[in-house]
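# Fold and contact review
Take a look at the letters that make up each chain.
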Amino acid sequence: MLQQRSKDTKETIRLNALRLFAKSGYSAVSMRDIANAVGIQPGAIYNHFPSKQDILVDLMMTHMVDLLAAANDAMEGVEGTRNRLVAFARFHISYQLDFPDHVFIAYMELRSLEKTGRQDVYVKRDEYEAILREVLEQGVKEGTFKVANAAVQTRALLAMMTGITVWFREDGELNRDQVIDCYVQAVLQSVGIQE
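Below, the structure is looked at part by part. Note that this is a predicted model, so its numbers are computed, not measured. (Residues numbered from 1 in each chain as written. Predicted model: local features only at pLDDT ≥ 70, side-chain atom pairs only at ≥ 80, totals over all residues. Heavy atoms only, no water.)

### Observations regarding the packing of aromatic side chains
Within this structure, the stated rule accounts for 6 aromatic pairs. Taking 4.7 Å as the distance between ring centres and 40° as the angle between the ring planes, the aromatic pair formed by tyrosine 95 and phenylalanine 99 counts as tilted. Owing to a relative accessible area of 33%, phenylalanine 99 belongs among the partly exposed residues under this scheme. Cluster of aromatic residues (ring-pair linked, three or more members): Phe91, Tyr95 and Phe99. The ring centre of phenylalanine 49 lies 5.1 Å from the NZ or CZ of lysine 10, which sits over that ring. (Phe/Tyr/Trp six-rings, centres within 6.5 Å; stacked < 30°, edge-to-face > 60°. Buried < 20%, exposed > 50% of the residue type's maximum accessible area, 1.4 Å probe, protein only. Lys NZ or Arg CZ within 6 Å of the ring centre and 35° of its normal.)

### Points about helix H4 (residues 52-75)
Taking 1.5 Å as the rise per residue, H4 with 24 residues should run 34 Å; its terminal C-alpha atoms sit 35 Å apart, in good agreement. Looking at where H4 begins, the residue whose side-chain oxygen comes 3.3 Å from the main-chain nitrogen of glutamine 53 is serine 51. Count one or two residues on from H4 and you reach glycine 77, which has phi positive near 80°. (Helix = DSSP H or I, 4+ residues; strand = E, 2+ residues; numbered from the N terminus. Expected span 1.5 Å × (residues − 1). Polar contact = N/O pair within 3.5 Å; in protein donor to acceptor, adjacent residues only side chain to side chain.)

### Overview of the nonpolar core
Residues Phe21, Ile34, Ile55, Leu85, Tyr128 and Met161 are the most contacted members of the largest nonpolar core, which totals 59 residues. For this core, the element with the most residues is H4, which contributes 10 residues. The contacts of methionine 161, once residues within four sequence positions are left out, are Phe88, Ala89, His92, Ile93, Gln96, Leu132, Tyr183 and Val187. (Core = buried A, V, L, I, M, F, W, Y, C linked by side-chain atoms within 4.5 Å. Contact = heavy atoms within 4.5 Å.)

### So, helix H8 (residues 150-162)
Helix length check: H8, at 13 residues, gives a terminal C-alpha distance of 18 Å against a target of 18 Å (1.5 Å per residue), a fit within 8%. Of the surrounding elements, those touching the buried residues of H8 are helix H5 (81-98), helix H6 (100-108), helix H7 (115-142), helix H9 (164-167) and helix H10 (176-190). Two or three places before alanine 151, at the opening of H8, asparagine 149 has a side-chain oxygen 3.0 Å from that residue's backbone nitrogen.

### Topic: the packing of H5 against H6
Across the interface, H5 lies against H6 with an axial gap of 5 Å and an inter-helix angle of 100°. One element, H5, and the other, H6, form an angle in the roughly perpendicular class. Within the contact between the two elements, H5 uses His92, Tyr95, Gln96, Leu97 and Asp98 and H6 uses Pro100, Val103 and Tyr107. Residue composition of the contact of H5 with H6, grouped by class: 5 nonpolar, 2 polar and 1 charged. (Axes fitted to C-alpha atoms, helices over the stretch in contact; angles between N-to-C directions. Parallel < 35°, antiparallel > 145°, perpendicular 65-115°, else oblique. Nonpolar A, V, L, I, M, F, W, Y, C, P; charged D, E, K, R; others polar.)

### Thoughts on the packing of H5 against H7
Packing of H5 against H7 leaves a shortest axis separation of 9 Å and a crossing angle of 155°. On the basis of their axis angle, the class for H5 and H7 is roughly antiparallel. Between H5 and H7 the crossing geometry is left-handed. Counting all contacts with H5, which are made through Thr81, Arg84, Leu85, Phe88, Phe91 and His92, the residues of H7 involved are Tyr128, Ile131, Leu132, Val135, Leu136, Gln138, Gly139 and Glu142. Of the residues assigned to the contact of H5 with H7, the class counts are 8 nonpolar, 4 polar and 2 charged. (Left-handed = near helix turned anticlockwise from the far one by under 90°.)

Printed below as a string of structure tokens:
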């Protein structure tokens, strides 16, 4: 029972830190702020995380591991480079919309990571980028896609698709599926496919 309570407290710390970091930024949030949000004494956080930096690394690494697993699931069994590109784009955009706080922290707080944590997160980011880059490289090799540089195109597409979290609102003029369709069309056009 005590172990379960400790596990629940750790998860509560994570969720509140995630919310606070996304709202105010990592540097503006103190351990005391997190403790107050959780309803515990500041010193109690150290039973679960040695530092605020460790909380940030944990949040980012968990996000990247979950993102990679979900992306691999979304791409499994999808045949053909065009279909794989569409599947990746639909997955990426949907994931961004489903987890905006995680996405915000994963991209905007990279600057707050210290060296060791940054290296670990970058390894996972590189693995994720490789999924899209390999699709683009295969499409170029087959003559299906026109891309000057697959690495640059990968980063450009990821930045474009991730940007949806900045402006999309569920009560907007277009619904989620319509917006995703627009983004998929833009992704296809960016590799020379007109539909």
